[in-house]
Amino acid sequence: MVFNVAHLKSLSNVFVSPINFDFWNHTGSQINFFSPWLTVLTGWLFVQFNVTYGFSVYLTIITFLTLISAYFFMNKFHKDTFEAILFAIAYTFSLNRFVLVFFNQRLENYLALIFLPMVYFGLYQFLTNQSWKYLVWGEVLLVWTSPYLAIAVAMTAIVAFILIPFYKVSHSWNYLKNFSFNIFKVIGMGILTTIGFIGPLVLKQLNLNWQQDPIKNFGYLNWFINLHLPQTQWYLLIAVGGLLLLLILMIFLQSSFAYKVIILEIIPITCLLIFQPTILKLDISRLIFAFQSIFDLFIIMILCRIILLVFQESPATLRLMILLISIVGLGYINYSQVSSDNPKQTLQMADSVNYNKFVMNYHDVAKNSNNVFKVDGKEERVSYHTKGSNYWIQYINPQTTALEVPIQYLANYQVQVNNEPVSVKKTKQNTIQFKTNPGKNMIEIHSRYDWPSLSLLTINLFGFMLLIYFSLQNIPLKNKKNPENS
């Protein structure tokens, strides 16, 4: 959890600059250029006073919001309370979410699960020409939380668009007209409300070609091959698999068009997760990881649908018993996993961790410098002080020297030596270097958003205001009574 806490703490000055010199071993890490901070910022207040309790409370709130989101959007989608509660419980306490919290330990990956039901309910409403706003809100919040998951969702949406001609309601000119008009709304509002993150990221990629290290995903195929099951268990597994396929076929035939699309989406996602192909020289490991959460959502929806169809004529007491068994079973599985891995000890030690010096190689070449200053190419001890996006150095030398400071190079740094601006060079280690004056040097380095980034953030703010305005238009704020003879 150390990375998550350090990330939250480093967001204290994010509205002034994405750079925080106090953290990431004072290297000027540019993590906030690549990891969206808008939704993650909600956890900053919780870790200011006590890391252990604050972060635990924050995780609890995320779990509660995930439960509410899953129930609310499933109930709006299918209008069945039993199915909505069953789905919410299974989705919130699924093994996939448990892995994201206690093993992967990246805050944005399980925070994004709050918005996943929203975006797919929005896609359903969009395809049925009911509304486009839920889709925009869901995709925008995903972009500002987990960009790879947003890309994976967009890919599944493209598949749904390809299948839409098989939807009977779409066979009309009125549907095609509204559908085309809504596409422009979604694309336009999506750009306006995410340009503050995507714009600076693209501008930075044009100047420096950053690449992320690939991650290692779980190998389902190797795991299955290494099971070494006896012949009888293989037969039993094949029989269970055949029965499951028949149930899914029953779902496909008896359910609505939306469930048919979900089942057809599951097939390529399953192949992607099992075989994990390589596409030219592109690293898709993080995209495969994102598809795991989508696969988890779809599978839970199908399983809940199977239970609903099997027990649709059953009494209410039996349905209540199914819910209780689901709650107890999933709760026990999660509790046993937590107890076996003992993450409690990790949280108890959280306050003793020096988060300022915690470093993770997240696009950062400067972290390899290990806070070593170099004067004319030779290592030297230099006195420095940091606060937020500001970095101060005091250096005395009777000669003019080339001082290399172990912070990552960024074009919009404001560097001053004795209150005079100086030109900055980029070293081979991607750190900054500049000339000092003879005698005493008071050096100031300030990081601020540049004008292009500020302009894009302003456009982004306008986009959110516009989206909020459109979203509030159809919400009745007051119940007005009409005059009797109006």
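Residue positions are counted from 1 within each chain, in the order its sequence is given. With pLDDT at 70 or above as the cut-off, local features in this predicted model cover only qualifying residues; side-chain atom pairs require 80 or more to be listed or tallied, and sums for whole chains, interfaces and linings still use all residues. Processing note: side-chain calculations cover all non-hydrogen atoms of the structure and skip hydrogens and water entirely.

Peer 1: Can you help me understand the packing of aromatic side chains in this one?
Peer 2: Aromatic ring pairs are reported here in terms of the distance separating the ring centres and the angle at which the planes meet. Planes of paired rings set the category: under 30 degrees apart is stacked, over 60 is edge-to-face and the rest tilted, where pairs are Phe, Tyr or Trp rings (Trp by its six-membered ring) whose centres lie within 6.5 Å. As enumerated under the stated definition, the model contains 26 aromatic pairs in all. Look at Phe121 and Tyr124: their rings are 6.4 Å apart centre to centre, the planes differ by 40 degrees, and that puts the pair in the tilted class. In this pair, Phe121 and Tyr124 both sit in helix 7 (residues 116-127), three residues apart, roughly one turn of the helix. To sort residues, take the accessible area from a 1.4 Å probe on protein chains only and compare it with the maximum for the residue type: under 20% means buried, over 50% means exposed, and anything in between is partly exposed. According to the relative accessible area criterion, Phe121 is buried, its value standing at 5%. Looking at Tyr124, the relative accessible area reads 26%, which means it is partly exposed. When the ring of Phe126 is compared with that of Phe161, the centres are 5.7 Å apart and the planes differ by 50 degrees; the resulting orientation is tilted. Of this pair, Phe126 sits in helix 7 while Phe161 sits in helix 9 (residues 147-163), and the two are 35 residues apart along the sequence. Each helix is a run of H or I in the DSSP string that is no shorter than four residues. Each strand is a run of E no shorter than two, and both are numbered from the N terminus.

Peer 1: When you look at the packing of helix 12 (residues 231-254) against helix 14 (residues 285-310) in this model, what are you seeing that I'm missing?
Peer 2: How two helices pack is summed up by the angle between their axes together with the distance between the axes. For helices, the axis comes from a line fit to the C-alpha atoms of the stretch in contact; other axes are also lines fit to C-alpha atoms, and the angle between any two N-to-C directions lies between 0 and 180 degrees. Between helix 12 and helix 14, the least distance of the axes is 10 Å, while the angle of their chain directions is 80 degrees. As the angle between them shows, helix 12 and helix 14 are arranged roughly perpendicular. Across the interface between the two elements, Leu244, Leu247, Ile248, Met250, Ile251 and Gln254 of helix 12 pack against Ile302, Arg305, Ile306 and Leu309 of helix 14. Each angle receives one of four descriptions, namely roughly parallel if under 35 degrees, roughly antiparallel if over 145, roughly perpendicular if within 65 to 115, and oblique otherwise. Should any heavy atoms of two residues lie within 4.5 Å, those residues are considered in contact.

Peer 1: Can you help me understand unusual backbone geometry in this one?
Peer 2: Of all residues except glycine, most have a negative phi; of all peptide bonds, most are trans. Residue Trp24 is not a glycine yet carries a positive backbone phi of 55 degrees. Residue classification places Trp24 among the buried positions, given a relative accessible area of 3%. With phi around 70 degrees, Asn430 is a residue other than glycine that occupies positive phi space. By the secondary structure assignment, Asn430 is in the loop between strand 8 (425-426) and strand 9 (431-435). Overall, the relative accessible area of 8% leaves Asn430 in the buried class.

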